[in-house]
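A structural walkthrough
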Amino acid sequence: MMFWIVTAGMGLAVAALLARAMVRNKAEAIPTEAFDLQVYRDQLKEIERDAERGVIPPEEAERLRTEVSRRILSADAKAASAKTSDTKSGGSKGMAALVALLVVGGGFGVYMLIGAPGYPDLPLKGRIEAAKDALENRPAQAEAEASMPAAPPVDAPQEYIDLVKRLRDAVAARPDDLQGHVLLARSEAALGNYAQAAVALARIAELKGDEATAKDFADLADMMVIAAGGYVSPEAQKAVEEALARDPENGVARYYGGLMMAQTGRPDVAFRMWDTLLRESPANAPWMPPIRQQMEDLAFRAGVTDYQLPALPGQRGPSQADVANAATMTAEERQDMIRGMVGQLSDRLASEGGPPQDWARLISSLGVLGDTDQAKAIWAEAQNVFADKPDMLATIRAAAESAGIAD
């Protein structure tokens with residue numbers, strides 16, 4: 001009720017201001033003809049005073065009186081005509097009432113059409129609490145799988161299907177056979193039996209125990225999410241967390257971690273996770289296409305209005321035309337072309353960043369050109385950029401060692 005009272009008051013206030021301005025505009029406007037009449041009357045009085053004092057001769061005074069009187073009659077006729085025109089044009093009060101009706105009625109009409117009457121306020125604290133509740137009380141993996149429609153059968157040879165059936169029986173008879181579960185997980189996934197493949201992958205992680213890798217848990221999370229139709233369940237979340245605990249840079253786990261936050265009402269957290277992953281991953285990473293497809297919408301939901309997708313990372317080598325032109329160049333011209341390409345790569349890494357392969361390629365190229373000072377500077381910068389990513393830094397270190405500039 002308070003919302004309607006406040007908005008109605010605001011609408012009426014705006015309408016009143018507009019109506020008042022329209023009415024005052026008509027009432028306070030001074031016609032030009034009325035102003036001229038006043039001027040001419042003042043001139044006529046001045047002529048009378050000058051004639052009485054003898055400043056002007058009687059004949060000249062009479063001529064001036066006639067001329068000014070003629071002008072007074074003309075201005076008075078124009079004023080009467082303008083007044084008649086204003087009367088015929090319609091009252092400003094009626095127009096003001098129409099504007100008020102449009103402002104108030106139109107405003108409420110538009111709100112009823114596209115607004116959300118009765119919807120409660122959503123302050124930040126409330127949204128965070130709602131997201132936390134959604135995270136803690138979302139459906140389990142089994143419930144999500146049960147809600148999925150039956151998948152159409154995979155077109156596979158009958159011999160292969162019979163082989164998988166025998167493999168299931170063998171694994172059931174030997175539940176501790178690690179290799180059997182590995183083969184079964186692959187076979188079930190190939191047949192589209194993702195839920196069964198996830199069960200086999202979970203058993204693999206269990207059998208490996210402390211030796212289970214980040215990839216083992218990332219593969220498990222991947223299969224569970226596929227089995228649930230793209231939904232990250234609490235069980236899949238646990239697999240994601242296990243993968244990240246073993247390798248914080250695991251791309252699959254980072255992707256599903258962001259997806260989970262987007263699904264539970266925290267697009268702001270999901271945006272930050274995916275934006276970082278997007279800028280650190282190679283162009284051929286399997287999670288790049290789905291992230292790039294959803295990123296602009298996610299940015300909008302996160303309140304980032306000026307977001308632009310970064311350019312795809314990767315090696316940007318010479319085109320076929322560049323290669324053809326290089327064949328006809330002199331050694332000096334070819335060297336200049338290479339330096340130009342190296343300069344472009346250096347500028348791009350400085351402004352946009354890039355994957356470790358590009359940093360390694362730049363260092364190697366500078367080493368070939370004999371520009372060891374610049375190569376050392378790039379190597380030093382790379383050590384700062386990738387200080388907390390030892391696996392990526394190892395790729396760049398190999399190039400630095402090959403160029404003879406590593407510490």
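Source: prediction; values computed, not measured.

Cut-offs and rules
- Residues numbered from 1 in each chain as written.
- Predicted model: local features only at pLDDT ≥ 70, side-chain atom pairs only at ≥ 80, totals over all residues.
- Heavy atoms only, no water.
- Helix = DSSP H or I, 4+ residues; strand = E, 2+ residues; numbered from the N terminus.
- Buried < 20%, exposed > 50% of the residue type's maximum accessible area, 1.4 Å probe, protein only.
- Contact = heavy atoms within 4.5 Å.
- Areas by Shrake-Rupley, 256 points an atom, 1.4 Å probe, with all protein chains shown as cover.
- Phe/Tyr/Trp six-rings, centres within 6.5 Å; stacked < 30°, edge-to-face > 60°.
- Salt bridge = Lys/Arg side-chain N within 4 Å of Asp/Glu carboxyl O.
- Core = buried A, V, L, I, M, F, W, Y, C linked by side-chain atoms within 4.5 Å.
- Axes fitted to C-alpha atoms, helices over the stretch in contact; angles between N-to-C directions.
- Parallel < 35°, antiparallel > 145°, perpendicular 65-115°, else oblique.
- Nonpolar A, V, L, I, M, F, W, Y, C, P; charged D, E, K, R; others polar.

**A word on the overall build of the protein chain**
From N to C terminus, the protein chain includes 19 helices and zero strands. Out of the 407 residues in the protein chain, the part that is buried amounts to 29%. Across the protein chain, the fraction of contacts at a sequence separation of at least 24, relative to all contacts at a separation of at least 6, is 61%. Within the structure as shown, the protein chain displays about 25,400 Å² of accessible surface, and the carbon and sulfur contribution to it stands at 58%.

**Regarding the packing of aromatic side chains**
In this structure the tally under the stated criterion is four aromatic pairs. An angle of 5° between the planes, with centres 5.2 Å apart, marks the rings of Tyr255 and Trp274 as stacked. You can see Tyr255 sitting in helix 12 (residues 251–263) and its partner Trp274 sitting in helix 13 (residues 267–280), a full 19 residues away along the chain. The pair Tyr255 / Trp274 is uniform in exposure class, with both members buried. For the pair Trp359 and Phe386, a centre-to-centre distance of 5.9 Å together with 85° between the ring planes defines the contact as edge-to-face. One end of the pair, Trp359, is in helix 17 (residues 356–369); the other, Phe386, is in the loop between helix 18 (372–385) and helix 19 (390–403), with 27 residues separating them in the sequence. On the basis of relative accessible area, Trp359 is assigned to the buried category, the value being 6%. The exposure class assigned to Phe386 is buried, which follows from its relative accessible area of 5%. These aromatic residues form a ring-pair network of at least three members: Tyr255, Tyr256 and Trp274.

**A short note on the pattern of salt bridges**
Taken as a whole and judged by the stated rule, the model has 18 salt bridges. In this structure, the salt-bridge partner of Asp177 is Arg174, at a minimum N-O distance of 3.8 Å. Residue class for Arg174 comes out partly exposed when judged on its relative accessible area of 47%. Residues Asp219 and Lys215 are paired through a salt bridge, measuring 2.8 Å at the closest nitrogen-oxygen approach. Placement of the pair is Asp219 and Lys215 together in helix 10 (residues 214–227), with a separation of four residues, close to one helical turn. Lys215 gets classed as exposed once you look at its relative accessible area, which sits at 54%. A cluster of three or more residues bridged by salt bridges with shared partners is formed by Glu249, Arg254, Glu280, Asp388 and Lys389.

**Re the nonpolar core**
The biggest cluster of nonpolar side chains holds 45 residues, and the ones touching the most others in it are Tyr255, Ile291 and Met295. In this structure, Met295 is in contact with Phe271, Trp274, Asp275, Leu278, Tyr307 and Leu309, ignoring residues within four places of it in sequence. Of all hydrophobic cores here, the second largest spans 18 residues; its members include Leu345, Leu349, Ala375 and Trp379.

**Re the packing of helix 17 against helix 19**
The interhelical angle for the contact between helix 17 and helix 19, taken along N-to-C directions, is 5°, at an axis separation of 8 Å. Here helix 17 lies roughly parallel to helix 19, going by the angle between them. In contact with Pro356, Trp359, Ala360, Ile363, Ser364 and Gly367 of helix 17, helix 19 contributes Met392, Thr395, Ile396, Ala399, Ala400 and Ala403. For the contact of helix 17 with helix 19, the per-class residue count stands at nine nonpolar, three polar and no charged.

**Describing the environment of Asp222**
Position of Asp222 among the secondary structure elements: in helix 10. On the basis of relative accessibility, which here comes to 24%, the residue Asp222 falls in the partly exposed class. Taking the C-alpha atoms as reference points, Asp222 and Ala236, 14 residues apart in sequence, are found 7.9 Å from one another. Beyond its immediate sequence surroundings of up to four residues, Asp222 is in contact with Val252 and Tyr256.

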